[in-house]
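The chain contents come next:
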Amino acid sequence: MKNHKSILIICQFVIVIFSFGFTQTIWTKDPTNPVLKRDTVIANLPNDLIAISDCWVVKEGTSYKMWYTCGGLNYPADTLLRSRLCYATSNDGIIWSKYAGNPVLDVSYSGEWDSLGVETATVIIDSAAPANQKYKMWYAGQYFNSFRYDIGYAYSADGFNWSKHPNPVLQVGISSAWDNGFLEGPSVIKDGNLYKMWYCGYDAVADGNGTDGNANIGYATSTDGINWTKYAGNPIITTVANTWESINVQDPHVIKQDNQYYMWYGGGSSDSSYNQEVGFALSSDGISWTKSPANPVLTRGNIGDWDSNLSSFPSVLLDNGQYKMWYTGRDEEPTNSSLDYFWEIGYATGPTIGLSEKEILDEKKIKLYPNPATNALNIKFGQNMDGATIYILNHSGKVNNQFTCDKMEMNIPLANLENGIYFVQIVYETNIYTEKFVLQQ
């Protein structure tokens with residue numbers, strides 16, 4: 001199984017709302033969680049005895065379809081833990097039926113590049129493809145007795161009978177690269193005639209290049225889904241020291257909506273105990289991302305909850321005016337054996353933009369001046385927003401300063417900042433407003 005696993009709409013001098021940004025970060029976990037559980041009856045020879053994780057959900061018609069990583073020792077008679085890809089369907093996204101023929105994508109048993117495990121799949125339904133390639137999958141394959149993963153490709157007519165491409169289609173980088181250790185957790189969309197992939201890469205070589213020992217997110221493109229070109233500026237989403245995501249950012253899920261890209265991703269601050277949660281980021285081009293100052297947007301459960309150790313690796317749909325997320329949860333770090341813990345799948349929902357937010361936007365109840373600013377910035381509110389949080393972010397989305405609104409006009413000191421382009425984000429109840437300003441001291 002796994003070893004490791006920028007919200008900003010830039011509109012100059014105009015207040016904008018994250019219509020698909022902050023509001024969707026108010027996630028509500030389903031009370032029936034986990035919604036997909038392991039089979040713990042050893043006599044059943046289950047392929048998911050130890051883990052169900054890393055799911056990918058699509059909706060086709062009225063049916064929800066999920067591909068997920070299953071981990072077990074009993075199917076077939078294994079001498080070591082292997083991960084495989086399994087399949088389930090649902091009418092409501094909560095009650096799931098596992099496919100009787102699981103796993104739907106197995107490892108190769110003759111020493112090929114994916115002989116130890118296959119996992120972390122992304123699936124798209126390509127209506128323009130030949131019928132036998134309607135479903136397209138990219139997945140992480142693990143080498144036998146190695147922690148290395150590369151990205152493979154498979155296709156299917158029905159979603160459960162898959163044909164593998166014989167070789168990996170995206171491989172780890174050279175020893176000095178940020179992704180020299182392993183690749184996994186791909187997220188693929190087809191944008192026009194171009195396939196776009198966001199994926200996790202791990203740097204296993206300690207050579208002082210800034211990504212040593214960390215998992216980050218990169219980007220690649222392809223015209224056929226098989227031959228990929230990595231973006232020269234990778235990685236595009238990185239860890240941030242001394243934060244909740246200081247060690248790993250990984251397993252992204254990207255949606256393109258209204259010419260904006262929305263990403264949910266896993267982040268963690270511990271290399272050994274996971275403790276991962278879900279972050280959110282926004283981009284206008286899929287390359288330059290700004291992370292939400294509200295991150296993490298989906299957090300771990302309380303002590304004793306099924307997801308107290310980890311709530312991460314999200315799969316998100318915008319479905320009937322609501323965001324729906326399926327995520328991996330884990331209860332605790334293992335102690336004496338691999339059966340002292342579990343991975344299973346949970347479900348959460350989040351709202352999208354409402355009429356009241358559009359009304360606030362249209363009335364433009366916030367004013368910033370002067371712009372350009374010198375040593376301070378004034379923010380004048382047209383309504384009472386006491387308790388709102390005010391963030392000053394740099395161009396990459398890093399929070400430089402944070403304040404709490406307690407009056408109708410705030411004076412924000414900027415003396416500690418260097419000249420450049422910054423953004424004010426104001427988070428009030430379920431709304432978020434962003435305005436660009438220039439600092440010229």
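See the structure printed just above.
All values derive from a computational prediction rather than experimental measurement. Counting starts from 1 at the beginning of each chain's written sequence and moves along it residue by residue. This being a predicted model, a pLDDT of at least 70 is required before a residue's local features are given, and a value of 80 or more before pairs of side-chain atoms are given or counted; all residues contribute to the totals for chains, interfaces and linings. Only hydrogens and water are set aside; all other atoms, that is, all heavy atoms of the structure, feed into the side-chain values.

A. Main features of the state of the cysteines. By definition, disulfides here are pairs of cysteine sulfur atoms that lie within 2.5 Å. Within this structure, the stated rule accounts for 1 disulfide. Bridging Cys70 to Cys86, the disulfide has an S-S length of 2.3 Å. The S-S bond linking Cys70 to Cys86 shows a torsion near 65 degrees; that makes this disulfide right-handed. Remark: Cys86 occurs in strand E5 (residues 82–90) and Cys70 occurs in strand E4 (residues 63–72); sequence separation between them is 16 residues. Taking the relative accessible area as the measure of exposure, Cys70 reaches 1% and is therefore buried. We call a residue buried when its accessible area falls under 20% of the maximum for its residue type, exposed when it is over 50%, and partly exposed in between, using a 1.4 Å probe and counting protein chains only. The exposure class assigned to Cys86 is buried, which follows from its relative accessible area of 0%. Strands are runs of DSSP state E lasting at least 2 residues, helices are runs of H or I lasting at least 4, and numbering of each runs from the N terminus.

B. Focus on the pairing of strand E15 (residues 248–257). Buried residues dominate E15, accounting for 8 of its 10 residues. Sheet analysis places E15 next to strand E16 (residues 260–268), joined by 8 bridges and oriented antiparallel. If you follow Ile255 over to E16, its bridge partner there is Tyr262. Between the antiparallel neighbours E15 and E16 lie 2 residues, among them Asp258 with a positive phi of about 55 degrees. Two strands pair under a simple rule: DSSP has to find at least two bridges between them.

C. Spatial organisation of the pattern of salt bridges. Note on definitions: salt bridges are taken to be side-chain nitrogens of Lys or Arg within 4 Å of carboxyl oxygens of Asp or Glu. All told, the structure shown has 18 salt bridges when counted by the stated rule. Here Glu60 makes a salt bridge to Lys65, at a shortest N to O gap of 2.7 Å. Residue classification places Glu60 among the partly exposed positions, given a relative accessible area of 22%. Overall, Lys65 belongs to the buried group, its relative accessible area being 13%. With its nearest N and O atoms 2.8 Å apart, the salt bridge here joins Lys196 to Asp191.

D. Just the packing of aromatic side chains, in detail. Side-chain rings of Phe, Tyr and Trp, where Trp is taken by its six-membered ring, are said to pair if the distance between their centres is within 6.5 Å; with planes under 30 degrees apart they count as stacked, over 60 as edge-to-face, and otherwise as tilted. Scanning the model with the defined rule gives 27 aromatic pairs in all. Measuring from ring centre to ring centre gives 5.8 Å for Trp306 and Tyr327, while their planes differ by 35 degrees; the resulting arrangement is tilted. On the criterion of sequence distance, the pair formed by Trp306 in the loop between strand E18 (289–291) and strand E19 (310–319) and Tyr327 in strand E20 (residues 322–330) is long-range, its members being 21 residues apart. In terms of burial, Trp306 and Tyr327 fall into one category: buried. Each member of the aromatic cluster is reached from another via a ring pair, and the members are Trp67, Tyr87, Tyr99, Tyr135, Phe160 and Trp162. Against the face of Trp343 rests Arg330, its NZ or CZ located 4.9 Å from the ring centre. Only when the NZ atom of a Lys or the CZ atom of an Arg is both within 6 Å of the ring centre and within 35 degrees of the ring normal do we say a charge sits over the ring.

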